[in-house]
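Architecture and fold: a report
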Amino acid sequence: MAKPDQNYVLRQLPFVVGGLAGFLLLVNRLLSPELTDSQARSDALGVIVSAVLILTGLLWQQVQPRSPDAVVLTGEQGFELLPGLPDEVKTELAWASHLLLTNTVTRSLVVWYQGKILLRRGVLGINPEVKPGAILKRVLEKQKPIYLVDLKIYPGRIEFDYLPENTQGVICQPIGNQGVLILAANAPRSYTKQDENWIEGIADKLANTLSRFSDDASSC
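Notes on the structure in this doc start here. Fair warning: this is a prediction, and the values are worked out from it, not measured in the lab.

Enumeration over the complete set of coordinates arrives at one cavity of 30 Å³ or more. Taken as a whole, the largest cavity spans an internal volume of roughly 30 Å³. In this structure, the largest cavity is lined by L93, A96, S97, L100, L109, V111, L119, L181 and L206. Counting only elements with at least two residues in the lining of the largest cavity, the list comes to α3 (87-103) and β2 (106-113). Of the residues forming the lining of the largest cavity, the biggest block, four residues, is contributed by α3. Residue composition of the lining of the largest cavity, by class: eight nonpolar, one polar and no charged.

Here we take up the nonpolar core. Core analysis: the largest hydrophobic core is formed by 24 residues, its most contacted members being L93, V111, I175, L181 and L183. When contributions to this core are tallied by element, the ones reaching two or more residues are α3, β2, β3 (116-124), β5 (169-175), β6 (179-185) and α5 (193-219). Looking at this core, the element that brings in the most residues is α5, giving six residues. Among the nonpolar cores identified, the runner-up in size contains 18 residues, and V110, V130, L151 and Y162 belong to it.

Moving on: the layout of surface pockets. Taken as a whole, the largest pocket encloses approximately 260 Å³ of empty space. Lining the largest pocket are 17 residues, with L163, P164, E165, N166 and T167 sitting closest to its centre. For the lining of the largest pocket, the class distribution of residues is six nonpolar, six polar and five charged.

Take helix α4 (residues 134-142) next. Among all positions of α4, only I135, L136 and V139 are buried. Buried residues of α4 fall within an arc of 100° about the axis and therefore sit on the same side. Opposite the packed face of α4, turned more than 90 degrees from it, sit the exposed residues A134, K137 and E141. Here the buried face of α4 lies against β4 (146-148), β5 and β6.

Spatial ordering of the open sheet is given by β1-β3-β2-β6-β5-β4, a layout of six strands whose pairing is antiparallel. Single-partner strands in this sheet number two, and they are β1 (76-81) and β4. Adjacent strand axes in the sheet meet at a mean angle of 15°, parallel and antiparallel pairs treated alike. Where β5 and β6 come together, seven bridges link them in antiparallel fashion. Note that in β6 the partner of V170 across the bridge is A184.

It is worth spelling out the environment of T106 at this point. With respect to the helices, strands and loops of the structure, T106 is situated in strand β2. C-alpha separation for the pair T106 and V123, spaced 17 residues apart in sequence, amounts to 9.7 Å. Once residues lying within four places of it in the same chain are set aside, the contact partners of T106 are L100, L101, L183, A184, A185 and Y191. Reaching out from T106, the side chain makes a polar contact with the side chain of T104 at a distance of 2.8 Å. Polar side-chain contacts of T106 include one of 2.6 Å to the side chain of Y191.

Scanning all chains against the criterion turns up two aromatic pairs. Considering the side-chain rings of Y147 and Y191, the 5.6 Å spacing of their centres and the 80° angle between planes classify their relative orientation as edge-to-face. With Y147 in strand β4 and Y191 in the loop between β6 and α5, the pair connects residues that are 44 residues apart, well separated along the chain. Accessibility classification places Y147 together with Y191 in one group, the buried group. One residue, R121, lies across the ring of F79, its end atom 4.1 Å from the ring centre. Between K205 and the ring centre of W95, over which it is positioned, the NZ or CZ distance is 5.1 Å.

Calculation criteria
- Each chain carries its own residue numbering, running from 1 in the direction its sequence is written.
- Only residues with pLDDT of at least 70 are given local features in this predicted model, and only at 80 or more are side-chain atom pairs given and counted; all residues enter the totals for whole chains, interfaces and linings.
- Calculation of side-chain values draws on the structure's entire complement of heavy atoms; hydrogens and water are dropped beforehand.
- Whether a set of points on the 1 Å grid over the protein atoms alone is a cavity depends on a 1.4 Å probe fitting there but being unable to get out, while an open set qualifies as a pocket with protein on both sides within 12 Å along at least five of seven lines; lining residues are those with an atom within 4 Å of a point.
- Grid points are joined across faces, edges and corners, and a volume is the space filled by probe spheres set on the points.
- Helix and strand labels come from DSSP, where a helix needs a run of H or I of at least four residues and a strand needs a run of E of at least two; each type is numbered from the N terminus.
- The classification used treats Ala, Val, Leu, Ile, Met, Phe, Trp, Tyr, Cys and Pro as nonpolar, Asp, Glu, Lys and Arg as charged, and all other residues, Gly among them, as polar.
- Think of a nonpolar core as a cluster: buried Ala, Val, Leu, Ile, Met, Phe, Trp, Tyr and Cys residues, connected wherever their side-chain atoms sit within 4.5 Å.
- Three exposure classes are used, based on accessible area relative to the maximum for each residue type with a 1.4 Å probe and protein chains only: buried under 20%, partly exposed in between, and exposed over 50%.
- What the arc covers is the set of directions going from the helix axis to the C-beta atoms.
- Contacts are assigned to residue pairs with any non-hydrogen atoms lying within 4.5 Å of each other.
- Strands are treated as partners if at least two bridges between them are detected by DSSP.
- For helices, the fitted line uses only the C-alpha atoms of the stretch in contact; every axis is such a line through C-alpha atoms, and the angle between N-to-C directions lies from 0 to 180 degrees.
- In the analysis that follows, any N or O atom pair within 3.5 Å is treated as a polar contact, provided that within protein one partner can donate a hydrogen and the other can accept it, and provided that, for residues neighboring in sequence, both atoms belong to side chains.
- Here a pair means two rings of Phe, Tyr or Trp (six-membered ring of Trp) with centres within 6.5 Å. Their orientation is stacked below 30 degrees between planes, edge-to-face above 60, and tilted elsewhere.
- A ring has a charge above it when a Lys NZ or an Arg CZ is no more than 6 Å from the ring centre and no more than 35 degrees off the ring normal.

Listed below in structure tokens is the structure:
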């Protein structure tokens, strides 16, 4: 269910005040038996003020666009880690996921690395398995993130059945060349460029830690 626009009343206020002032000026003019010079000047000033208020309201509609409608993602809150991970990796994954969930519009995330789900956190989807589709494969192949700003308009959304079914936006950020950090947002077009840069930095840090873990495991 979409949240109401909290700025709606503020944006409508200049319209209401300007329109009400103009109406009261008209009523006052009609009920005045004589028009004095001072009243004429006051009426002219009132008309100008009313026009400025209405113009301000029109400008606010453009300068202050509506925030994206957010929804409550369907699913249960959870925090799942792949059993057997080293403590260093667990700490790194917990730290990174906490930052993303508390400082961005991310409400659900998955860390998929070397064919395994290392972490699921936030609102969990029903399907616990990740089967890479065309989008994830492209992220791994091109080593570039993909931001699906409004998931419902993309036919490829069916591959994200491991996320909450009403996910609004998705970022797929490569973790080196071995995995992907998948972030689900509760509002379309809600990630900023600064968010994307920050997500890239966190993914790079995860890639460094996970690659060391993989190298240690392969040398044993």
